[in-house]
Amino acid sequence: QLVEFGGGLAQAGGSLRLSCAASGRTFSSYAMGWFRQAPGKEREFVAGISRGGGSTYYSDSVKGRFAISRDNAKNTVYLQMTSLKTEDTAIYYCVADVRVRVSTIPPHWGQGTQVTVSS
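Residues numbered from 1 in each chain as written. Predicted model: local features only at pLDDT ≥ 70, side-chain atom pairs only at ≥ 80, totals over all residues. Heavy atoms only, no water.

Novice: Kindly report on the nonpolar core, identifying the contributing residues and their values.
Specialist: Counting 27 residues, the largest nonpolar core has Trp34, Val77, Leu79, Met81 and Tyr92 as its most contacted members. Secondary structure elements with two or more residues in this core: strand 3 (16-22), strand 4 (31-37), strand 5 (44-49), strand 7 (66-71), strand 8 (76-81), strand 9 (90-97) and strand 11 (113-118). Apart from residues no more than four positions distant in its own chain, Leu79 is found in contact with Leu16, Arg17, Leu18, Trp34, Val46, Ala47, Phe66, Ala67, Ile68 and Tyr92. Ala31, Tyr57, Val95 and Val102 belong to the second largest nonpolar core, which has five residues in total. (Core = buried A, V, L, I, M, F, W, Y, C linked by side-chain atoms within 4.5 Å. Buried < 20%, exposed > 50% of the residue type's maximum accessible area, 1.4 Å probe, protein only. Helix = DSSP H or I, 4+ residues; strand = E, 2+ residues; numbered from the N terminus. Contact = heavy atoms within 4.5 Å.)

Novice: Please give an account of the state of the cysteines that cites residues and values.
Specialist: On inspection of all chains with the given rule, the structure shows one disulfide. Two residues, Cys20 and Cys94, share a disulfide whose sulfurs are 2.1 Å apart. On the sign convention where negative is left-handed, the bridge of Cys20 and Cys94, at about -80 degrees about the S-S bond, is left-handed. Of this pair, Cys20 sits in strand 3 while Cys94 sits in strand 9, and the two are 74 residues apart along the sequence. For Cys94, a relative accessible area of 0% puts it in the buried group. (Disulfide = S-S within 2.5 Å.)

Novice: Could you give me a rundown of the pattern of salt bridges, with the residues and numbers involved?
Specialist: Under the definition given, this model contains five salt bridges. Measuring nitrogen to oxygen at the nearest pair gives 2.6 Å for the salt bridge that ties Arg36 to Glu44. Note that Asp97 is salt-bridged to Arg99, the shortest N-O span being 3.1 Å. Connected via shared salt-bridge partners are Arg36, Glu44, Arg65 and Asp88. (Salt bridge = Lys/Arg side-chain N within 4 Å of Asp/Glu carboxyl O.)

Novice: A description of the packing of aromatic side chains should follow, citing residues and the corresponding values.
Specialist: In the structure shown here, the tally under the stated rule is four aromatic pairs. An angle of 80 degrees between the planes, with centres 5.7 Å apart, marks the rings of Phe35 and Phe45 as edge-to-face. In this pair, Phe35 sits in strand 4 while Phe45 sits in strand 5, placing the two residues ten residues apart along the sequence. With a relative accessible area of 4%, Phe35 lands in the buried category. (Phe/Tyr/Trp six-rings, centres within 6.5 Å; stacked < 30°, edge-to-face > 60°.)

In structure tokens, the structure reads:
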């Protein structure tokens, strides 16, 4: 089970940090990531991180502004979002994948947390 925390309202140029807590004893066996879905748009990949945390990857739209990290001892993955833009407004989903990299359709999803960026 994946549960997201930390969504809310931010101003453009501001920051937010999302957290995702995973239950179970095999957290370190999963690549983790974040997707988002804006109103009227399809879900899109945002960021991913390898099982050990040594490899991270991002969509072009957030590269340089967002940072994904994980703490395997706490079964938690984070998404630090900075220099927020109004187009970052979306529901953000935490995902887990048994593959080496988060796939386009990960098998495990959280319930989502709303992020709203105002101008």
